[in-house]
Number of protein chains: 2
Amino acid sequence: VLIGPGLLKQSPELFEKHQVGERLFLISNPLVSRLFTDDLARDLSRNGFNVVSLQFPDGEKFKNLQTVENIYTDLIDQGADRSITLVAVGGGVTGDVVGFVASTFLRGVRYIQIPTTLLSQVDSSVGGKTGVNHQEGKNLIGAFYQPYLVCADTETLLTLPQREFQSGAYEVLKYGLIGDLEFFNLIASSMKDIQNRTQTVLTDVVRRCCEVKVAIVSSDETEKGLRRILNFGHTFGHALEAVTQFKLLTHGEAIGYGMLAATHLSISKGYLDASSGQRIIDCVRSIGSLPSLESVLIEDILQAMKRDKKRAEDQNVFVLLRSIGNPIISTNIQRKNLIEAWERAKESAQIEVAD
Amino acid sequence: VLIGPGLLKQSPELFEKHQVGERLFLISNPLVSRLFTDDLARDLSRNGFNVVSLQFPDGEKFKNLQTVENIYTDLIDQGADRSITLVAVGGGVTGDVVGFVASTFLRGVRYIQIPTTLLSQVDSSVGGKTGVNHQEGKNLIGAFYQPYLVCADTETLLTLPQREFQSGAYEVLKYGLIGDLEFFNLIASSMKDIQNRTQTVLTDVVRRCCEVKVAIVSSDETEKGLRRILNFGHTFGHALEAVTQFKLLTHGEAIGYGMLAATHLSISKGYLDASSGQRIIDCVRSIGSLPSLESVLIEDILQAMKRDKKRAEDQNVFVLLRSIGNPIISTNIQRKNLIEAWERAKESAQIEVAD
C-alpha cells in the first residue's frame, strides 16, 4: 500500500519497480476517466506499457453481475490472458467490481487499486473484500482477493465534491475510535486541516487508517471475529441506508449517524463515560451537518436491522466502545436501548455546532 | 478426501464427524436427484440436518453465469447466511458450478463435493478449480477455492453409462502416465476389473489418482509450473473438443486421442522409447474404441490450438513423456511434428484391438 501526494504521476516508475506486467487494463467510470485515467493511460503508454482503457457507468446500481459480465466480455475480446493486470481507478464501486472481476477471470489475475475518494482510500482498498450487489441485497456476491498493489494518491482528493469528502471523513473518524486514543486526538485536533485537504495531514491520516485496518484484517482475514469491529457504526448505518433506499444519505453519513447511536448505546450500557461520549459527538459534528432523519420511523430501522446479513444467531451484532480506541462486541442489546439510543443520536446530530 | 464404496449412505455420520454445519443446500441435476440426492436429503433430514434441495438442468451448456445467478437467488430466497454448507452431488459440471457459487456467495461459504462420475472422482473434485463457461470459451470465469470435504462413493459409479465410465478411464490412465510406472502397471493389468467396476479395485485406483493430483497441486496451487503436467493429453484434447463443437467426443475421449498424439510426439522428439510408447497405445485402446475423426482437418486442429488459453508467449505448451511416469514440459514443437503425431494418433486409435 503506497500513500501520498503525486503517486498517480509516478505510476509508470512505480509499476516498473513493483514488476507489474506489461499488459494493463485500466477500468474506471467516465468522470474518473476525464479527471485521471486518460492522463494515466497516456503516461503508461509512453513508458512502454500496453494499455487498454475500459469504462462502466458510475454508481451503486451498476455494481452488479451484468457489469461484471460486460467486463469479462471486453477482456476476452481484447485477447486478455493470465498475464494481464487490471487497474481499478475510482471509488469503492470501481474497486469492488474490478476486484471481483480479477478474482474470477481465468481463475484469478493481478489487480491494482488506485482509489480516488477518501472513503475508498481508507476503507475499500485494504482488506481484500471484493464484490457486487444482488437485486435482493448489497454485496451478497463477492470474494476475498488481495490487490497486488494499492496506490492512494492524496492529490486526487482535491477534486472530490465536499459532501463526498465529508462522507469519507466519517470513516476516518471510525478508525480513530476503534484504533487508538492518540489517533483519535490527532483527528479531532486536525479536523480543519483535514477539511482543507492539506496534503501532509491527509497522507498521515490515510496511512494511519490503513494501518489500523491492516492490523485488524491481518489477524482475521475472513471476518469471523476481530474484523467485526470494523463495523463500528455499521449496524445502525446499514439499516439507515436501507430504510432511506440508499438515496437520502451517503454511506459515510449513515455511518456518522451510526457512530452517534453506538456512542449513546455505549454510554447507556455503562461501557463508556459521558465525557468521552461528548468528545466523540463533538468530533462527529465537526465534520459537517448530517441530513435530517426526522421522517424515518424507528420501527422501520429495527426491521431493517433484522435483515442485516451480519446477524449472528438471530441477534444483531453491535460494536460498542469501552473507551476511545477500545471497542467491544455486544449482541445482547434490548429493544428499548436501541430506541433510546436512536432518539439521542438524532438530537446529537441536529444541534448546531458553534464554529 | 474420502473414497470408497457406500460413503453416500454414511453421509449423516460423516458430516457430523467432520463438523459440517446444520444447514445444508444439496445441489444437483434432475437425473442425479432421482438416483442419489433425494435419498441423501431424506437420510440427512432424519438425522437432524436442515436440508434444502436445489436443481439445475444437466449439461455443459448450463454451466454459465445465468445458472450461478439463479442459485444465488434461490439461496437468498431461502434465507441462506454464511453458516450454510453447499453440497454438490453429481459430475464435473455440478462440482464446478457449485464450487464457484460457494467461492462467491457472501464472499465464500463452505462446500462439499460428492462426485458421482469417474471423471469427477479422479479429476474435478481435487485441486480447488471452480468455474463456469463464458459464451466465448470454456472455464473462462472461475476461482481457486477448496472444498471442505470430498466424498467419492465408488458405488455411485455402478449407475454410470458405459461411454461415460470409459471417458473417466482415460483420465485414470493419464494419472498413471504422469504419476509413476508402478501405478501405470496396476492400471494396465487391472483394466478388466476397472471396466467391471470392481469396488476394491476402483477404490484403490481413484485414491491413487487423487494422490497423484494432490501431490502435483499442493506444490503449485495456481497453475504456474508443475501443475501444467496435469494437462497431459489436453493440448490436442482441448483442440479436438473445440473443432468437434463439444459434440462428437466426450472430454475423456478427446484426452484419449490427446494422449495418443502426445505419446507419438514424445517418441518422435526422441524422449520416449518405442516399446513404452506401444504399451501406452495398447492401454489407451484397451479402454474401448474411440470415435473416428477421419473427417477432422489437421489445419482446424492447429487453429484451435492457437486459441488455447494455456498458451504461453504465443507457443502451445505440450506435456510429453521421457518415460512412463516421467513427464516433461515442451513448448518448442514444430508444425510438421504435430501433423505427423496426429496422423499416427489416428492410426493408433483406429486399429482394432485383439481381445
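Above: the structure in question.
Residues numbered from 1 in each chain as written. Chains lettered and ligands numbered in written order. Predicted model: local features only at pLDDT ≥ 70, side-chain atom pairs only at ≥ 80, totals over all residues. Heavy atoms only, no water.

Draft legend 1. Focus on the relation of the copies chain A and chain B. For the pair chain A and chain B, the superposition axis carries a translation of 0.0 Å, the fit reaches an RMSD of 0.0 Å, and the rotation angle comes to 180°. Taken together, these values place the two copies in the relation of a two-fold axis. Taken as a fraction of all interface residues of chain A, those also at the interface in chain B reach 100%, which identifies the copy contact as same-surface. (Least-squares fit on C-alpha atoms with pLDDT ≥ 70 in both. Contact = heavy atoms within 4.5 Å.)

Draft legend 2. Seen up close, the sheet that holds strand 1 (residues 2–4) of chain B. All names here are of chain B. As summarised here, the arrangement of the six strands in space is 1-8-5-4-2-3, forming an open sheet in which the pairing is parallel. This sheet does not close on itself; its edge strands, each paired only once, are strand 1 and strand 3 (50–55). Sheet twist, expressed as the mean angle between neighbouring strand axes with direction ignored, is 15°. The pairing of strand 1 with strand 8 (residues 149–153) spans three bridges and is classified as parallel. (Pairing = 2+ DSSP bridges. Helix = DSSP H or I, 4+ residues; strand = E, 2+ residues; numbered from the N terminus. Axes fitted to C-alpha atoms, helices over the stretch in contact; angles between N-to-C directions.)

Draft legend 3. Molecular detail of the packing of aromatic side chains. Evaluated as defined, the whole model comprises 12 aromatic pairs over all chains. Both rings, one in Y257 of chain B and one in W342 of chain B, keep their centres 5.6 Å apart while their planes meet at 50°; by these two values the pair is tilted. Here the residue Y257 of chain B occupies a position in helix 11 (residues 251–268), and W342 of chain B occupies one in helix 14 (residues 335–350), the gap between them amounting to 85 residues. According to the relative accessible area criterion, Y257 of chain B is buried, its value standing at 0%. Among the aromatic residues, ring-to-ring pairing joins F236, Y257, F318 and W342 of chain A into one connected group. It is K174 of chain A that lies over the ring of Y175 of chain A; its NZ or CZ is 4.7 Å from the centre. The positively charged end of R197 of chain A is found above the aromatic ring belonging to F165 of chain A, 4.2 Å away from the centroid. (Phe/Tyr/Trp six-rings, centres within 6.5 Å; stacked < 30°, edge-to-face > 60°. Buried < 20%, exposed > 50% of the residue type's maximum accessible area, 1.4 Å probe, protein only. Lys NZ or Arg CZ within 6 Å of the ring centre and 35° of its normal.)

Draft legend 4. Looking closely at unusual backbone geometry. All names here are of chain B. With a phi close to 60°, R107 is a non-glycine residue in the positive phi region. Tracing the sequence through the fold places R107 in the loop between helix 4 (92–104) and strand 5 (110–115). Positive phi, normally seen in glycine, also occurs at R197, with a value near 60°. Structurally, R197 is set in the loop between helix 8 (191–195) and helix 9 (199–218). A relative accessible area of 10% means that R197 is categorised as buried.

Draft legend 5. Here's a closer look at the pattern of salt bridges. Residues and elements named next belong to chain A. Inspection of every chain in the model, using the stated rule, returns 34 salt bridges over all chains. Taking the shortest distance from any N to any O, the salt bridge between K63 and E60 comes out at 3.9 Å. According to the relative accessible area criterion, K63 is buried, its value standing at 4%. Salt-bridge contacts for K138 lead to E241; the nearest nitrogen and oxygen are separated by 3.8 Å. Placement of the pair is K138 in strand 7 (residues 137–144) and E241 in helix 10 (residues 234–243), with a sequence separation of 103 residues. The buried category is assigned to E241, whose relative accessible area is 3%. One network of salt bridges, in which partners are shared, links E60, K63, D96, K138 and E241. (Salt bridge = Lys/Arg side-chain N within 4 Å of Asp/Glu carboxyl O.)

Draft legend 6. Region of interest: the interface of chain A and chain B. Counting from both sides, the interface comprises 27 residues of chain A and, opposite them, 27 residues of chain B. Buried area between chain A and chain B, both sides added, is near 2600 Å², and the carbon and sulfur share of it is 54%. Between the two partners, chain A and chain B, sit zero salt bridges. A breakdown of the residues in the side of chain A that touches chain B according to their chemical character gives 10 nonpolar, eight polar and nine charged. (Buried area = accessible area lost by both parts, 1.4 Å probe. Nonpolar A, V, L, I, M, F, W, Y, C, P; charged D, E, K, R; others polar.)

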